[in-house]
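Descriptive analysis of the structure
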Amino acid sequence: MKESQANKIVIAERDNIAAVIENGKVAEFFVHRGDIILGDVYLCQVENILPSIEAAFVNVGSDKMGFLHAQDIGGKGALQDKLKPKQKLVVQVVKEPVGHKGPRVTTEISLPGRFLVLMPNEAGINVSKKITSSKERARLKSLVNLLKPVGIGVIVRTEAEGQTEADIQEDLEILLEKWNNIVTSAESMEPPSLLYRDQDLLYRVIREACNEETQEIIVDTGFALNRVQNLLQNWHMNKNINVTLYKGSEPLLVAMDIHKEIKAALQMKVNLPSGGYLFIQTTEALTVIDVNSGKFTNSATQDETILKTNIEAVHEIARQLRLRNIGGMIIIDFIDMTNRIDKLTMMEELELAMEEDKAKPQVGQLSDLGLVEMTRHRQGQAISEIFAKRCPHCQGNGYIMEDMKFASATAEGEYRAKAAKIKLPMNDKKKFSNNKFNKGGNDNKSQEEIKEQTVQEPQIEQTESPAVNAQNDIQEIKEEKKTKTSRGKGRRKIKEADIKKDDNTAATVLTANAEIAPVVDEKTVVIKEEQSEPENSSVRSEESAEQKNDKKPAQKRSRRPNRGVNKGNKSTKQRKQKEVSSNE
């Protein structure tokens with residue numbers, strides 16, 4: 001149990017990845033990947049000066065220009081007085097390139113060591129605030145003041161507490177030698193060029209992460225094993241630290257389950273031990289963290305449940321910020337609490353949890369909505385920028401848009417043309433109910449509506465004339481009626497008179513400008529003749545002949561419906577003319 005909770009450092013030199021394990025969990029990653037790494041010193045050339053934003057763009061040898069703000073340039077005066085186009089500058093990378101943004105650089109060079117940080121362009125001595133003893137602070141400050149050259153600034157790190165004068169002097173001499181090499185290279189080389197790169201991954205991890213609580217360091221190569229032992233011996237830290245060489249067949253990160261921690265750090269959801277969970281989502285402007293209670297309902301009251309969930313979330317958020325290397329603005333949405341004492345307790349836990357972070361996070365106040373604003377200094381690339389790529393399908397949006405298939409103007413016109421055509425009958429009872437050529441439909445419509453149809457139909461479909469469409473529709477009705485009469489028994493037979501009526505109707509549609517003549521039904525003519533001459537034997541014979549003709553097969557008739565009636569009544573007309581002449 002003690003072995004599992006011991007602090008370890010796993011260094012996979014072959015993969016350039018290291019992990020710091022605290023209390024059985026991975027707390028921080030160190031990754032050396034990319035062309036531009038945090039802390040690199042370049043000899044660059046000024047390409048463009050923008051007074052409107054008080055910044056300049058410099059060429060550091062990559063496809064993206066370096067961003068140099070006016071505040072990061074030493075000296076006094078305006079930006080145009082400090083910089084000139086095509087000027088050579090020695091700059092250091094303070095922010096690695098992110099997405100479409102290039103690296104941010106500064107002219108204030110800082111070279112970190114084991115116990116000191118050398119600031120060549122500044123003056124004065126500063127001591128770490130974590131050294132609380134006033135006596136120790138005074139000793140270190142006076143010691144460094146005697147050792148350092150004039151005009152060079154030095155920052156005393158926390159690790160220098162309790163160190164001897166010889167160790168501090170040795171560290172200072174190493175840093176001064178590095179700075180002299182940078183100055184010499186800048187005079188002999190042409191921009192853009194790399195002047196200095198911080199020590200490799202192994203040296204950086206031992207310098208930054210190894211402390212008194214570290215109990216074991218695991219490496220994957222024999223060369224790394226010798227280097228770690230030499231560094232620990234020179235820094236007098238080899239007493240309580242066990243250095244182990246991994247000899248397994250699997251990769252070191254797989255054998256130590258570090259790869260699972262990397263995959264978990266790329267997920268948005270983080271589960272808490274009690275059943276709650278966090279949602280961590282990073283955007284271009286800020287990072288949002290949402291706290292949810294989830295399945296945590298073991299407490300007696302609701303306030304106790306909320307307080308325990310928020311305190312668990314505080315410690316997990318502090319670990320996730322270091323693990324994912326999240327920088328910039330951070331908004332934390334805690335569960336709303338009504339008790340003031342609970343709010344104070346949670347904020348105290350948050351301040352204590354952030355003290356161990358070397359990125360110096362600054363925590364704001366708790367708002368009325370339960371939100372906490374905080375900022376964290378950006379150090380290198382976030383883990384999502386190193387191990388994840390933007391999705392080529394959704395371009396990082398998280399969803400894919402479907403194709404929007406809208407109806408075009410041509411399709412709408414075709415739809416209207418189809419709708420204007422004749423509608424076929426749905427059943428036998430209503431064969432002509434939906435037909436625009438049926439008798440009832442024509443009786444209800446006025447002559448103006450019929451004219452509008454004859455004029456509008458050619459505008460809807462220009463390929464065929466209305467007459468041809470009407471003839472085609474009538475032909476389809478004839479064929480359909482023939483098939484229905486042949487199949488069913490007891491169905492109503494189709495009379496040729498009805499078809500001829502459709503022909504007469506089609507004739508009215510043939511020309512759009514022709515006047516519509518009134519159509520007189522044959523039955524009405526016969527009834528009028530019967531009323532005028534009820535005793536006429538010739539009329540009776542013609543009626544009986546017409547009834548017989550209905551039973552006979554249909555014959556062709558002319559388009560004038562009253563032609564046969566006028567022919568049968570010729571004798572009555574002559575007799576009337578004789579009577580009129582005799583009266584005169």
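One structure accompanies this document, and this report is about it. Please read all numbers here as calculations on a predicted model, not as lab measurements.

**Observations regarding the overall build of the protein chain**
- Within the protein chain one finds 20 helices and 21 strands.
- Within the span of the protein chain, comprising 584 residues, buried residues form 37% of the whole.
- Taking all contacts inside the protein chain whose residues are at least 6 apart in sequence as the whole, residues at least 24 apart take part in 63%.
- Total accessible area computed for the protein chain in this model is approximately 37,000 Å², and 49% of it derives from carbon and sulfur atoms.

**Details of the sheet that holds strand β10 (residues 116-119)**
- If you trace the 4 strands from one edge of the open sheet to the other, you get β9-β10-β12-β11, paired in mixed fashion. Either end of the sheet is taken by a strand with one partner, and the two such strands are β9 (111-112) and β11 (125-127).
- Two strands pair when backbone bridges link them, and β10 and strand β12 (residues 153-156) are joined in this way by 4 bridges, in the antiparallel orientation. Residue pairing across strands places leucine 116 opposite valine 156, the latter belonging to β12.
- In the packing of helix α3 (residues 134-147) onto the sheet, contacts are made with β10, β11 and β12, and the angle to β11 comes to roughly 150°.

**A word on helix α5 (residues 201-209)**
- Among the 9 residues of α5, 8 are classified as buried, and the element is accordingly described as predominantly covered.
- What α5 keeps buried is the set Leu201, Leu202, Tyr203, Val205, Ile206, Arg207, Glu208 and Ala209.
- Against the buried residues of α5 lie β1 (7-12), β2 (17-22), β3 (25-31), β9, β14 (214-219) and α6 (222-234).

**A short note on the side chain of serine 128**
- Within the secondary structure, serine 128 is located in the loop between β11 and α3.
- Polar side-chain contacts of serine 128 include one of 2.8 Å to the side chain of threonine 158.
- In contact with serine 128, not counting residues within four places along its chain, are Arg137, Val156, Arg157 and Thr158.

**A short note on the packing of α3 against helix α4 (residues 165-188)**
- Where α3 meets α4, the closest approach of the two axes is 11 Å, and the angle between their N-to-C directions is 45°. Taken as axis vectors, α3 and α4 run oblique relative to one another. Once α3 is placed against α4, the crossing between them reads as right-handed. Here α3 contributes Leu140, Leu143, Val144 and Leu147 to the contact with α4, which in turn contributes Glu165, Ile168, Gln169 and Leu172.

**Side note on the packing of helix α9 (residues 302-324) against helix α10 (residues 340-354)**
- Direction vectors running N to C along α9 and α10 enclose 15°, while the axes themselves pass 9 Å from each other. By the angle class used here, α9 and α10 are roughly parallel. For α9 against α10, the interelement crossing comes out right-handed. Facing α9, whose interface residues are Asp303, Leu307, Asn310, Ile311, Val314, His315, Ile317, Ala318 and Leu321, α10 presents Asp342, Thr345, Met346, Glu349, Leu350, Ala353 and Met354.
- Residues that form the contact of α9 with α10 fall into these classes: 10 nonpolar, 3 polar and 3 charged.

**Some remarks on the pairing of β14**
- Sheet analysis places β1 next to β14, joined by 5 bridges and oriented parallel. Across the sheet, residue isoleucine 9 finds its bridge partner in β14, namely isoleucine 217.
- As paired elements, β14 and strand β15 (residues 242-245) share 4 bridges and run parallel to each other. In the sheet register, isoleucine 218 faces β15, and the bridge partner there is threonine 244.
- Regarding the hand of the β-α-β motif, the stretch spanning β14, α6 and β15 is right-handed.

**A look at unusual backbone geometry**
- Cis peptide bonds are those with omega within 30 degrees of zero, and the linkage from proline 191 to proline 192 qualifies with -10°.
- As for its position among the elements, proline 192 is in the loop between α4 and β13 (193-196).
- Here lysine 86, not a glycine, exhibits a phi torsion of approximately 65°, which is positive.
- The residue lysine 86 is located in the loop between α2 (79-82) and β7 (88-95) in this model.
- Within the chain, lysine 360 stands out as a residue other than glycine whose phi angle is a positive 55°.
- Relative to the assigned elements, lysine 360 resides in the loop between α10 and β20 (362-366).

**A closer look at the pattern of salt bridges**
- Counting across every chain of the model gives 14 salt bridges.
- The closest approach of N and O atoms between aspartate 40 and arginine 197, which form a salt bridge, is 2.9 Å. One end of the pair, aspartate 40, is in the loop between β3 and β4 (41-50); the other, arginine 197, is in the loop between β13 and α5, with 157 residues separating them in the sequence.
- The class for aspartate 40 is buried, based on a relative accessible area of 0%.
- Taking the shortest distance from any N to any O, the salt bridge between glutamate 284 and lysine 101 comes out at 3.8 Å. With glutamate 284 in the loop between β17 (277-282) and β18 (286-292) and lysine 101 in the loop between β7 and β8 (104-106), the pair connects residues that are 183 residues apart, well separated along the chain.

**Considering the packing of aromatic side chains**
- With the rule as written, the count across this model stands at 2 aromatic pairs.
- Residues tyrosine 277 and phenylalanine 279 carry aromatic rings whose centres are separated by 5.8 Å and whose planes lie at 85° to one another, so their mutual orientation is edge-to-face.
- With relative accessibility at 23%, the residue tyrosine 277 sits in the partly exposed group.
- Geometry around tyrosine 277 places lysine 269 over its ring, the cationic atom sitting 4.6 Å from the centre.

**Things to note about a negative patch on the surface**
- Among the surface-exposed residues, Glu212, Glu213, Glu351, Glu355 and Glu356 lie close enough to one another that they form a single negatively charged patch.
- Its location among the elements puts glutamate 356 in the loop between α10 and β20.
- A relative accessible area of 55% means that glutamate 356 is categorised as exposed.

**Structural notes on the sheet that holds β15**
- Spatial ordering of the open sheet is given by β3-β2-β1-β14-β15, a layout of 5 strands whose pairing is mixed. Taken across any chain shown, the strands that pair with only one partner, and hence form the sheet edges, are β3 and β15. Between one strand and the next, the sheet's axes are offset by a mean angle of 20°, whatever the strand orientation.
- Strand direction decides the pairing type here: β2 and β3, joined by 6 bridges, are antiparallel. Considered in β3, the bridge of isoleucine 17 is made with valine 31.
- With respect to the sheet, α6 is in contact with β14 and β15, its orientation differing from that of β15 by roughly 170°.

Criteria and thresholds
Sequence order as written defines the numbering, with residues in each chain counted from 1. Two thresholds apply to this predicted model, a pLDDT of at least 70 for residue-level local features and 80 or more for giving and counting side-chain atom pairs, whereas whole-chain, interface and lining totals are computed over all residues. For the side-chain quantities, the full set of heavy atoms in the structure was used; hydrogens and water were omitted. Think of it this way: any DSSP run of H or I at least four residues long counts as a helix, any run of E at least two long counts as a strand, and we number them from the N terminus. Burial classes follow relative accessibility: with a 1.4 Å probe on protein chains only, a residue under 20% of its type's maximum area counts as buried, one over 50% as exposed, and anything between as partly exposed. By definition in these notes, contact holds between two residues if any of their heavy atoms fall within 4.5 Å. Computed with the Shrake-Rupley method and a 1.4 Å probe, the accessible areas treat only the protein chains shown as cover for residues. Strand pairing follows a simple DSSP-based rule, namely that at least 2 bridges must link the two strands. Only the stretch in contact is used when fitting a helix axis, every axis being a line fitted to C-alpha atoms; angles between N-to-C directions are given from 0 to 180 degrees. In protein, a polar contact requires one atom able to donate a hydrogen and another able to accept it; more generally it is a pair of N or O atoms within 3.5 Å, and residues adjacent in sequence count only if both atoms are side-chain atoms. Under this scheme an angle from 65 to 115 degrees is roughly perpendicular, one under 35 degrees roughly parallel, and one over 145 degrees roughly antiparallel; angles in between are oblique. Put simply, a crossing is left-handed when the front helix is turned counterclockwise from the back one by less than a right angle, and right-handed when it is turned clockwise. Amino acids are sorted into nonpolar (Ala, Val, Leu, Ile, Met, Phe, Trp, Tyr, Cys and Pro), charged (Asp, Glu, Lys and Arg) and polar (every other residue, Gly among them). Here the term right-handed applies to a crossover when the path leading from its first strand over the helix to its second strand runs clockwise, the strands being oriented away from the viewer. Only one rule defines a salt bridge in this text: a Lys or Arg side-chain nitrogen within 4 Å of an Asp or Glu carboxyl oxygen. A pair of aromatic rings is counted whenever rings of Phe, Tyr or Trp (Trp by its six-membered ring) have centres within 6.5 Å, and the orientation is called stacked for planes under 30 degrees apart, edge-to-face for over 60 and tilted otherwise. Any Lys NZ or Arg CZ that is within 6 Å of a ring centre and within 35 degrees of that ring's normal is treated as a charge sitting over the ring. What goes into a patch is any residue over 30% in relative accessible area without a salt bridge, connected to like charges within 9 Å or, for nonpolar side chains (Val, Leu, Ile, Met, Phe, Trp, Tyr), within 5 Å. The charge count includes Lys and Arg as positive and Asp and Glu as negative, but it does not include His or the ends of the chains. To locate a charge, take NZ of a lysine, CZ of an arginine, CG of an aspartate or CD of a glutamate.

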